[in-house]
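# Overview (structure and organization)
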Amino acid sequence: SSDNRVRIVEVGPRDGLQNEKKAISLATKIELIERLAKTGLTTIEAGSFVAPKWVPQMANSSEIMEHILQQKIEAPVPITYSFLAPNTKGLQNAEALLKQNPGRFATQLDPDVTKPAVEVAVFAAATESFSQKNLNCDIKTSLDRFKAVIQDSKALGLRVRAYISVVLGCPFEGFDVDPHKVAEIATDLLESGADEISLGDTTGMGTAPRTSALLKCMSSAGIRTEDIAMHFHDTYGQALVNTAVSLEHGIRIFDSSVGGLGGCPYSPGATGNVATENMVYFMESLGMETGVDLDAMADIGAWITQELGKPNDSSVGKAVLGA
Ligand code: HMG
Ligand code: MG
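Overview of the structure. On a predicted model such as this, the values are computed, not experimentally measured, just so you know.

Cut-off values and rules
Residues numbered from 1 in each chain as written. Chains lettered and ligands numbered in written order. Predicted model: local features only at pLDDT ≥ 70, side-chain atom pairs only at ≥ 80, totals over all residues. Heavy atoms only, no water. Helix = DSSP H or I, 4+ residues; strand = E, 2+ residues; numbered from the N terminus. Rg over C-alpha atoms; globule rule 2.2 N^0.38 Å. Buried < 20%, exposed > 50% of the residue type's maximum accessible area, 1.4 Å probe, protein only. Contact = heavy atoms within 4.5 Å. Areas by Shrake-Rupley, 256 points an atom, 1.4 Å probe, with all protein chains shown as cover. Lys, Arg positive; Asp, Glu negative; His and termini not counted. Charge placed at Lys NZ, Arg CZ, Asp CG, Glu CD. Pairing = 2+ DSSP bridges. Axes fitted to C-alpha atoms, helices over the stretch in contact; angles between N-to-C directions. Phe/Tyr/Trp six-rings, centres within 6.5 Å; stacked < 30°, edge-to-face > 60°. Lys NZ or Arg CZ within 6 Å of the ring centre and 35° of its normal. Disulfide = S-S within 2.5 Å. Near = heavy atom within 4 Å. Polar contact = N/O pair within 3.5 Å; in protein donor to acceptor, adjacent residues only side chain to side chain. Nonpolar A, V, L, I, M, F, W, Y, C, P; charged D, E, K, R; others polar. Donors = N, O, S within 2.8 Å, 3.2 Å for Na, K, Ca; no water. Right-handed = clockwise from strand over helix to strand, strands pointing away. Expected span 1.5 Å × (residues − 1).

## Things to note about the overall build of the chain
Helix and strand counts for the chain come out as twelve helices and eight strands. Here the C-alpha radius of gyration of the chain, 18 Å, is about what a compact globule of 323 residues would show, namely 20 Å. The principal-axis extent of the C-alpha atoms belonging to the chain is close to 45 × 45 × 40 Å. Across the 323 residues in the chain, those meeting the buried criterion constitute 55%. Taking the intrachain contacts of the chain between residues at least 6 apart in sequence as the baseline, contacts between residues at least 24 apart amount to 77%. Of the roughly 12,900 Å² that the chain leaves accessible, carbon and sulfur atoms contribute 51%. When the 28 positive and 40 negative side-chain charges of the chain are each reduced to one mean point, those points stand 4 Å apart.

Structure below.
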C-alpha cells in the first residue's frame, strides 16, 4: 500500500562530500551520481551553489548540473536532482545553466518523466548561533533571503525543499533547541512556498523522546506529516531509532548518505548521515518499500569510501558484502 512506501533522499554527493578536505575529482563525483541513479532512488542531492570560499569542495556543482542536463545518466525511474542555494546569487548561477539548456529538464510546470527534474534546496537553522556560523546572518534575515529564492525558484517551475538545521541539538547551544521555534521557521518556509521541510539533526544529538516531542509540536502547529522529511546524522548512533519514531508519526521521507558519508563544515564534531544501506535494510525489515536495490547500494558504499580513502561507515553495507 502507499502507506508502506518510503522515499529516500540520497544526500551522499552533497552532504556526503562537502566536508571532505581533499579535492574530489569531477569524474568521481559524476561516477557516484551515475551509480546511485541506477539503484532505484528517485531523489539525489547532487551539489550545492554556495560560496566556494565557504565550501570549496562544492565548487564544481555547475559542471555536475551540466552533466545531468546532458540527459546521459541512465536510470530505471525518473529522478529529481536537488541542489542547495543559500541566496539569490546561488539560484542565479543555477538558473543560468538551466537557461542554457532549455527543454532538457522537467519542472513542476512541465513534469516530463523522460527528463531529469531539478529541485532547489534552501537551508535555515533553528538557532541563531548556527545560522551565523553557517550562513553569516541571523534567522530572520535568512528567512527573508529564502523567501526570494523560493519564489524565484517556483517561478522557474522548480520544486523547493527547505532544510532546518540543528533541530535536535546545536554544536553551540547544546540540547536547548526550542521545538516551537522549529515549527515557526517551518511555517514561514512553507508560507514562502517551499514544497517540503527537511528537519536536520545536524549533530546527531537527537533522541527518541525528543524526536517524538518535535514531531508532536510540528503537528500541533498544523504542519502536515507529508510535508516533512527527516535528516538524521548518526554521530551518536541514534539515527535509526529516531527514524522508527518518525515512521510512527507518519513521516515517509528520509535523507541518508551512501557509506554513511557526510558532515557539515560548520558543525564541529558532527559525523556522517545515517548510511543509505542501513536505512534501506531497516525499511525492508519493517516491510516498507523504498524501491532501492540494497546490494547495488552496498557496492557503491564500498567503492566510494575506498575512493575517498575512508572506512566504510555502513554496518549493513559491510555485512551484505561479507567484508
Ligand atoms: P557571506 O560571506 O556573508 O556572503 O556568506 P557575501 O554575500 O558577503 O559574499 C561573499 C563572497 O561570496 C562574494 O565573493 C560573493 O560573490 C560570493 P567576493 O566578492 O568576495 O569574491 N558568494 C557566492 N559565490 C557563489 N555562490 C553563492 C555565493 N554567495 C556569495 N551562492 C553565504 C554568505 C550564504 C554565501 C555563505 O555563508 C555560504 O555560502 N554558506 C553556505 C555554508 C554551507 O554550504 N554549509 C553546508 C550546507 S548546510 C548543511 O550541511 C546542513 C544540512 O545538511 C542539513 C543538516 O544536516 O542540518 C543541509
Ligand atoms: Mg546534513
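## Thoughts on the sheet that holds strand 6 (residues 196–201)
An order of 1-2-3-4-5-6-7-8 is seen for the eight strands of this closed barrel, with the pairing classed as parallel. Taking each pair of neighbouring strands and ignoring which way they run, the sheet shows an average axis angle of 25°. Each of strand 1 (7–10) and strand 8 (253–256) touches helix 10 (residues 276–285); the most contacted strand, strand 8, lies at about 145° to it.

## A word on the packing of aromatic side chains
The tally for this structure, following the rule as stated, stands at three aromatic pairs. Above the plane of the ring of Y163 lies R161, whose end atom (NZ or CZ) is 5.1 Å from the centre.

## Some thoughts on the state of the cysteines
Evaluation of the coordinates by the stated rule reveals zero disulfides. We note that C137 lacks a disulfide partner, and the nearest cysteine sulfur, in C264, lies 14 Å from it. Of the residues examined, C137 reaches a relative accessible area of 7% and is grouped as buried. Here C217 is not disulfide-linked; the sulfur of C170 is the nearest cysteine sulfur, at 18 Å.

## Here we look at the site of ligand 1
Close to ligand 1 lie 27 residues, the nearest being Q18, K53, N136, S165 and T202. Within the contact set of ligand 1, an oxygen atom lies 2.8 Å away from a side-chain nitrogen or oxygen of Q18. Between an oxygen atom of ligand 1 and a side-chain N or O atom of T202, the distance comes to 2.6 Å. Among the residues making up the shell around ligand 1, the classes are represented as twelve nonpolar, eleven polar and four charged.

## A closer look at the coordination of the magnesium ion (ligand 2)
Only D15 (OD), H231 (NE2) and H233 (NE2) from the protein reach the magnesium ion (ligand 2) as donors, at distances of 2.0 to 2.3 Å. The sequence motif formed by the donor residues of the magnesium ion (ligand 2) is D-x215-H-x1-H. Taken together, the residues span a long stretch of sequence, with D15 in helix 1 (residues 12–18) and H231 in strand 7 (residues 228–232) at a distance of 216 residues. Take D15 and H231: they sit in the same class, and that class is buried.

## Brief notes about the pairing of strand 5 (residues 159–165)
In terms of burial, strand 5 is a largely internal element, six of the seven residues being buried. Two strands pair when backbone bridges link them, and strand 4 (residues 117–125) and strand 5 are joined in this way by seven bridges, in the parallel orientation. Paired with A124 across the strands is I164, a residue of strand 5. The sheet contact formed by strand 5 and strand 6 spans four bridges and is parallel. Note on strand 6: the bridge partner recorded for R161 is E196. Following the backbone out of strand 5, through helix 7 (residues 179–191) and into the adjacent parallel strand 6, one traces a crossover that is right-handed.

## Focus on unusual backbone geometry
Its identity as a non-glycine residue notwithstanding, Q71 has a phi of 60°, on the positive side. You can see Q71 is positioned in the loop between helix 3 (61–69) and strand 3 (80–84). You will see that N136, though not glycine, has its phi angle at about 60°, which is positive. Looking at the element boundaries, N136 is found in the loop between helix 5 (128–135) and helix 6 (139–155).

## Some remarks on helix 11 (residues 294–307)
When the terminal C-alpha atoms of helix 11 are compared, their 20 Å separation across 14 residues agrees well with the 20 Å that a helix rising 1.5 Å per residue should span. Residues of helix 11 that are buried: L294, M297, A298, I300, G301, W303, I304 and T305. Looking at the buried residues of helix 11, the elements they touch are strand 1, helix 2 (26–37), helix 10 and helix 12 (315–321). Its side-chain oxygen at 3.0 Å from the backbone nitrogen of D295, D293 defines the N-terminal cap of helix 11. Downstream of helix 11 by a residue or two, G309 has a phi angle that is positive, lying close to 70°.

## Details of the environment of D195
By the element assignment, D195 lies in the loop between helix 7 and strand 6. Separated by 33 residues in the primary sequence, D195 and A162 place their C-alpha atoms 7.8 Å from one another. Ignoring sequence-local partners within four residues, the contact set of D195 consists of Q108, K154, R159, V160 and D227. A polar side-chain atom of D195 sits 2.8 Å from a polar atom in the side chain of K154.

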